[in-house]
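So you can see what is in the structure, the chains are spelled out below.
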Amino acid sequence: MINILIRIKGLINSMKKHIIIKTQFTALHQWSLCNIKKVKFLKELHRHIFFVKIKFIVKENNRELEFFECKNLIDSFINNKLLKPHINPNSSVCASLGNMSCEDIAETILSFLQNKKLPVCYVSVFEDNENGAEVLIDDQ
Ligand SMILES: [Zn+2]
């Protein structure tokens, strides 16, 4: 019995715990330098829904980091710093990321959260919840 308890305690001690925040936003982006003929349409601004997932390391079980505060901080950064307004020929305004790729977006969000001294360890960004990129900090 004691051996089992020691094993369970060992498992708990080696356990890693994260909170996960997900968000999404709609924006235009482009790959101006694309030289792949079959996907040359990527040179032009095109629209995606970008799906973002962020993991933070926590040790406690009860809102060491509060979900809504984290989500509001991330959404505010995306809307106020990452996205730029773009006026299309129909005069409607869309958000634009310019030439930012999924890798660029993920790195930028990770750096922002690190600069805020938050224990972020993972950010993924997917275009239309299909193809995307992730950045993570080793040993987390
Ligand atoms: Zn795209």
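What this report covers is the structure whose coordinates are included nearby.

What counts, and where the lines are drawn
Residues numbered from 1 in each chain as written. Predicted model: local features only at pLDDT ≥ 70, side-chain atom pairs only at ≥ 80, totals over all residues. Helix = DSSP H or I, 4+ residues; strand = E, 2+ residues; numbered from the N terminus. Buried ≥ 20, exposed ≤ 12 C-beta atoms within 10 Å, placed from the backbone. Contact = placed C-beta atoms within 7 Å. Expected span 1.5 Å × (residues − 1). Arc of directions from axis to C-beta. Pairing = 2+ DSSP bridges. Axes fitted to C-alpha atoms, helices over the stretch in contact; angles between N-to-C directions. Parallel < 35°, antiparallel > 145°, perpendicular 65-115°, else oblique. Left-handed = near helix turned anticlockwise from the far one by under 90°. Nonpolar A, V, L, I, M, F, W, Y, C, P; charged D, E, K, R; others polar. Core = buried A, V, L, I, M, F, W, Y, C linked by C-beta atoms within 7 Å.

**Here's the deal with the overall build of the chain**
- What the chain contains, in helices and strands, is three helices and six strands.
- Secondary structure elements in the chain, listed N-terminal to C-terminal, are α-β-β-α-β-β-α-β-β.
- Expressed as a percentage of its 140 residues, the buried residues of the chain come to 17%.
- Across the chain, contacts joining residues at least 24 apart in sequence account for 57% of those joining residues at least 6 apart.

**Focus: helix 3 (residues 102-115)**
- For helix 3, which comprises 14 residues, the first-to-last C-alpha distance of 20 Å matches the rise-based estimate of 20 Å (1.5 Å per residue) to within 8%.
- Among all positions in helix 3, only Cys102, Ile105, Ala106, Ile109 and Leu113 are buried. The buried residues of helix 3 occupy an angular sector of 95 degrees when projected down its axis, which confines them to one face.
- Each element contacted by the buried residues of helix 3 is listed here: strand 2 (46-57), helix 2 (67-82), strand 5 (120-127) and strand 6 (131-136).
- The positive-phi residue at the C-terminal boundary of helix 3 is Lys117, with phi of around 65 degrees.

**Section: unusual backbone geometry**
- A positive phi angle, close to 65 degrees, is found at Lys117, a residue other than glycine.
- Within the secondary structure, Lys117 sits in the loop between helix 3 and strand 5.
- Exposure remark for Lys117: the 7 C-beta atoms within 10 Å place this residue in the exposed category.

**Digging into the pairing of strand 6**
- In this structure, strand 5 lies alongside strand 6, joined through six bridges in antiparallel fashion. Its bridge partner lying in strand 6, Val125 is registered against Ala133.
- Count of turn residues in the strand 5/strand 6 antiparallel hairpin: three residues, of which Asp128 carries a positive phi of about 55 degrees.

**Let's talk about the packing of helix 2 against helix 3**
- Remark: helix 2 packs on helix 3, axes separated minimally by 11 Å, with the N-to-C direction vectors making an angle of 120 degrees. As judged from the angle between their axes, helix 2 and helix 3 are oblique. The crossing of helix 2 and helix 3 is right-handed. Where helix 2 approaches helix 3, its residues Ile74, Phe77 and Leu82 are matched on the opposing element by Ile105, Thr108, Ile109 and Phe112.
- Here the residues of the contact of helix 2 with helix 3 sort into six nonpolar, one polar and no charged.

**What to know about the environment of Asn61**
- Inspection of the secondary structure assignment puts Asn61 in the loop between strand 2 and helix 2.
- By C-beta crowding, Asn61 is classed as exposed, having 7 other C-beta atoms within 10 Å.
- Taking the C-alpha atoms as reference, Asn61 lies 9.8 Å from His18; in sequence the two are 43 residues apart.

**A short note on the nonpolar core**
- Core analysis: the largest hydrophobic core is formed by 20 residues, its most contacted members being Val52, Ile54, Ile105, Ala106, Ile109, Val123 and Val125.
- Every element with two or more residues in this core is listed here: strand 1 (18-29), strand 2, helix 2, helix 3 and strand 5.
- The element contributing the most residues to this core is helix 3, with five residues.
- Not counting the four nearest positions on each side in its chain, Ile54 is found in contact with Ile21, Ile74, Ile109, Val120, Tyr122 and Val123.

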